[in-house]
Each structure stands twice: as structure tokens, then as C-alpha cells.
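# A look at the structure
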Amino acid sequence: MDIRSLSTSHRHPQDAPYVHKVGLPPKQNLFSEFKATVKETLFADDPLRPFKDQPGSKKFILGLQAIFPIFEWGRSYNFTKFRGDLIAGLTIASLCIPQDIGYAKLANLDPQYGLYSSFVPPLIYAFMGSSRDIAIGPVAVVSLLLGTLLQNEIDDPVGNAAEYRRLAFTATFFAGITQVTLGFFRLGFLIDFLSHAAIVGFMSGAAITIALQQLKGFLGIKKFTKKTDVVSVMHSVFASAHHGWNWQTIVIGVSFLSFLLVAKYIGKKNKKFFWVPAIGPLISVILSTFFVYITRADKQGVQIVKHIHEGINPSSVNQIYFRGDYLLKGARIGIVAGMVALTEAIAIGRTFAAMKDYQLDGNKEMVALGTMNVVGSMTSCYVATGSFSRSAVNYMAGCQTAVSNIVMAIVVFFTLQFLTPLFKYTPNAILAAIIISAVIGLIDFDAAYLIWKIDKFDFVACMGAFFGVVFASVEIGLLIAVSISFAKILLQITRPRTAILGNLPRTTVYRNILQYPEAAKVPGVLIVRVDSAIYFSNSNYIKERILRWLMDEDELVNKSGQTEIQFLIVEMSPVTDIDTSGIHAMEELFRSLQKREIQLILANPGPAVIDKLHASGSAQLIGEDKIFLTVADAVASCCPKSMGEV
């Protein structure tokens, strides 16, 4: 950007340093300024760059590739990549089939709906998604959240099964619409408002809640609380201890949970054996089903899956509520579930993209995830997203592209068509064990400890979300997570950091005296740095904070007999912007200092700040000769003798 000076630079007498004046950026009209702001906010990645100077046919191809990335990477697809995708797809299919049956129960839906959700959505994502590693399907957290929110509206999912399913499909439809809208209008930055710390706490709390919910199947309890908080669940468990537990079910659950945990430990200790925990759930299902069948343990009180509907996804277009009371309820549930699903998928996608060193287009991901959920809602699916456990297995199994999702979907297709009768005698205990072993990985102690070490406020957000989920409900935990995240943002905006600067010996550098104890204050000069843009939300605080710094300095002067403060230098290099409230605050500060016979001096205001200072007339009020390029220049103008001694 070309910069023109406020006034011609000049040289002081020989003993004075050369002083640069602060540059004023060229004027922009309102439309240009608005256009630049919108472009930087919504189109920071410049998505239209590949289309520049291209013929019409090329633009059409590029547009097609933008919507369907498979047409871009598919041109270089070969047998070597297919071999990796085939192995990965078969591996994650062996993991997803038993998980899907269990996750459907978390959502209070029949088992086949979990399998449906691992058939159509992965196929859609394979064509539209930009991640090579995400494995698509139902996940534990979203299943529990959806089941809880739906049950709040329809208390009896069994007695009102048809209405419950319709509301689930409606929620899935609006989850997809929410995701597509965020991606299409490039509003993906909104999901970043849920902080990492809040997500860690929420996921850990949800994992414990999910594990506790599995005690019903793990212990063979028939009458179980519909609440999800730990107090209600544990009360329900112990209340049924004398008459509701089934020892055969407990033996099955404990045995296979131990097997799954050992398998997971083996896979974690040696990456070459990644396939052991991947096929562990399927082996557990086969062995436990065979055991129940030959011993007829179901006659002894062991609860089994029973019938799973055969065939691929039936249409559910006519079951979505597009009018009536359930429309708004489904939309509300869908928005919440869609945002949580989106947050989880984007976090997973970014993690594996960083590991393989490729770029993930967040907005394309949102459109892809939203489209697959919209289509899924019309094909008897509930909310699907990226699964961390399956994506990790997909990555370790050597997946190369999203074709691994296609392979997984094909395996699920054959399972739905031909193999569902084989799951009739699968005990619920094994599904509970599979879910418990899967969600244990969501409890991240290392991340929580790191958050504690880095930022105590972040740790409060983490624990708030965690305890909200565990002791209240999933939606309360989510609300706490969002609230604390916003509270942190508001706190940082309304109470920005300020610092007193001192001169580092034998330099012209000025730094925070708390960070650099050797930095010396300049006699008669108070140098304050404001570490934030100055807006209506913090301008009054910044003005009052600076005045409090002056009061503190006056007390020190009275006690030690030092030189009275005659100059206040505000270091403004971190101040990226200022609004009208900020301008008024600076003018009020100037007038307050005038009454105290203290001169206000500004150092290094940025282009947006200096432009607005001149436009408002504040630069003339303060004095253009009181605005300097550096703190050193400002100090030199106040007390050149001190500068000469540096």
C-alpha cells in the first residue's frame, strides 16, 4: 500500500535523531472499504482465484470440481491407492457395523437406522467431501444428544415410535440445512466460537454419560431411568441391584469389554496391530451371538437385539414434518445437533489433514456434510458426521482417498441386504461393551491437564462443560460450554490487557516492565501500551485504566520524590482499529490530562487508527506534532537528554 506522509520528514539539528512522521493511508470510498471488509471476512481464502483468466469450459470444470472434489483427485486415482482404500474400507466396516447398531439405541431408534446412516451419507460425502481420512456415520455424542432432545419432546419413543422417527428425520433434515447454509454463506468461522477447552470438557462429560447409559444393557436392567445425569443413573442402577441385574448378562459384558480393552491396548502399543482393535467389536459380536444362540441364554434373561429389518434404506421424504408443531421442534433440535456434528467433523478433518499435510476447505466440508444429512433425512437416516474412532482406524489402515467410505458403504449395503438376520441373538451387553470401549477414548486427561497448565480460565470452561453434562444433561452441558466460551470472548474484548513500558538498557526498545524487570522507566514519562482494538465495549475501561496507572504513578512520585509525570505516551501498535466511542474516549483522556498539565502523546497508530483520528479531528486536537512513529521518537521529543544517556 502506498503511504503518503502527513507532513514532510525533516532533520533536527545535528544532535537530534532523525524522526519519521506517521503515514496516513490513501482514502478509500465507502464501497471499496465495505468490499474489502466482506472479502476478508467471508472470502479470506480467495476461493475464486483458480477461475481467474480461465476460459468458460475450464471454469465449468473447475466449478464441478469445487462442488464434487472426487472429479479432481479421481483423475490421478490408481490401483495402489485403491488397495489402501479397500483395506481401510473393509477395516472400518468391521468396526462401524456393531457400533451403528449400538449408537441407534443411544438415539432411541431401531438398530437398522444406525446401519442406514452408514450407507447413504458416506456415499454422498465421498463425492463432495474434501477430507481423505474422515470416516462417516453415526457417532456416540450426536446420537446421545439427538436421543435426549427428541425424548424431551416425545416422552415414549417406543409407544410413539412413528412420531419419534418422523421427528428424528425432521431434525436430521434441519441439521443438514444448517450445515449447508453455514458452508454456502461461508459462515464456518461461527463454529470456532466454541473453544477447544469447552469441546474437551463437553466430549469427556458426554463420554462418561454415554458409558453410564450403557449400564442398562451391561447389567441386564429392564427398568431404567430416562434421565442422563449421573445421580439419576446411579440411583436407577443401585435401586435395581437386588432384583433387576442379570448375572449371565454381566458375565458376557465384563468378558467382552475386557477383550475389547486389551485389543485397544495392543493397537495403541504397536501401530502395526491397528487392525486388532478395529476388528475386535465384530469378533465380539460374532462370538457373543454364537454363544447366546447355542446356550439359549436369551431364555435366562439375557436381552438380545432381536429383529433387524432387512433391506436398504426406504424413502422417508413423506415422513419429514414440513408443517405443524413438530416442525419448529425438529428445526430447533436439528440446529443444535447439526452444529455439534459439524464441530466434531471439522475438528477431526483438520487433525488428520495436518498429519498428512494437506489443506481442508472448511466451507466445502460443511456443504458436503449438510448435503449428506439432507439426503440422509429423506432415506431413513439420522444425523451422521465424522467419527473419530473410525477416522483414526481409517488413517492407520492406510486410506488414500474418500473411496474407503464407498467401500464401507458397500459392505453395509450387503449387511443390510443379507446379514441382518444373523444379529438376532446378539446380546445388548456386547453392544454396551462396544460403546463403552469406543467412548473411553473421548476422555482426554492429557488435554485437560495441558489446558490447566496453559490457561486457568480455559480450564474453568472445560470443567464447566464437563460437570454440566455429567450432573445435569447433555444440552445443559452444551449450553454451559457455549456460554463460557462467549463469556471468555466478552471478557477479553471488554477488559483488554494494558502494560507499562520501560526502556531496555543500551537500546531504544521499550517493553513491559513486568516481563522485563531490567527495563527502566523514563523519569517524568509514563508509557502505556494498549493490547487491543479500542471499541465501544472497552473504550471507557481503557481510558479509566490509563488514568488509574497515572494515579499509581503519582503515589509512587509522592513516596519516592521522583520526577512528576509530565508526559503520557500511549503505544498504539497493537491497536488494530478504533471506533467513534474509542475516539471520544481518547478525546476525554486528552482533556483529563490537560487539567493535570500532562501532555498526551501517541506512538505508532496503525493505518485504520490514524485515518479515523484525522477524519474525526482528534489528531488536530491532540496535535500532529504529538503523534510519532515509535516510542523512542516520542521519548526523544519529551526528554532528549534521557535519550542521549541510553
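Each value, and the rule that gives it
- Residues numbered from 1 in each chain as written.
- Predicted model: local features only at pLDDT ≥ 70, side-chain atom pairs only at ≥ 80, totals over all residues.
- Heavy atoms only, no water.
- UniProt positions renumbered as here; feature names shortened; annotations may be inferred.
- Helix = DSSP H or I, 4+ residues; strand = E, 2+ residues; numbered from the N terminus.
- Disulfide = S-S within 2.5 Å.
- Buried < 20%, exposed > 50% of the residue type's maximum accessible area, 1.4 Å probe, protein only.
- Core = buried A, V, L, I, M, F, W, Y, C linked by side-chain atoms within 4.5 Å.
- Contact = heavy atoms within 4.5 Å.

### Describing the UniProt feature "domain: STAS" (unreviewed entry) in the chain
The positions that UniProt labels "domain: STAS" (unreviewed entry) are, in the present scheme, residues 515–638. Structurally, residues 515–638 is divided into 49% helix and 15% strand, and its ends, taken at the C-alpha atoms, are 25 Å apart.

### Re the state of the cysteines
The final tally for this structure, using the stated rule, is zero disulfides. A disulfide-free cysteine, Cys 399 has its sulfur positioned 15 Å from the sulfur of Cys 96, the nearest such atom. Judged by relative accessible area, Cys 399 falls into the buried class, the value being 1%.

### Examining the nonpolar core
Within the largest apolar cluster, 100 residues are counted, with the highest numbers of intra-cluster contacts made by Val 141, Leu 146, Phe 202 and Ile 210. Top contributing element to this core by residue count: helix α18 (residues 428–439), with 10 residues. Dropping the residues within four chain positions of it, Val 141 is found in contact with Phe 202, Met 203, Ala 206, Ile 210, Val 340, Glu 344 and Leu 442. Membership of the second largest hydrophobic core comes to 33 residues, among which are Val 528, Leu 593, Leu 602 and Ile 622.

### Some thoughts on unusual backbone geometry
Across the chain, the bulk of peptide bonds are trans and the bulk of non-glycine residues have phi less than zero. Even without being glycine, Glu 597 reaches a positive phi, approximately 60°. Residue position: Glu 597 is located in the loop between α23 (580–595) and β9 (599–603). You can call Glu 597 exposed: its relative accessible area is 68%. Despite not being glycine, Asn 604 shows a phi value in the positive range, around 55°. Positionally, Asn 604 belongs in the loop between β9 and α24 (607–616). Residue Asn 604 is classed as partly exposed on the basis of its relative accessible area of 28%.

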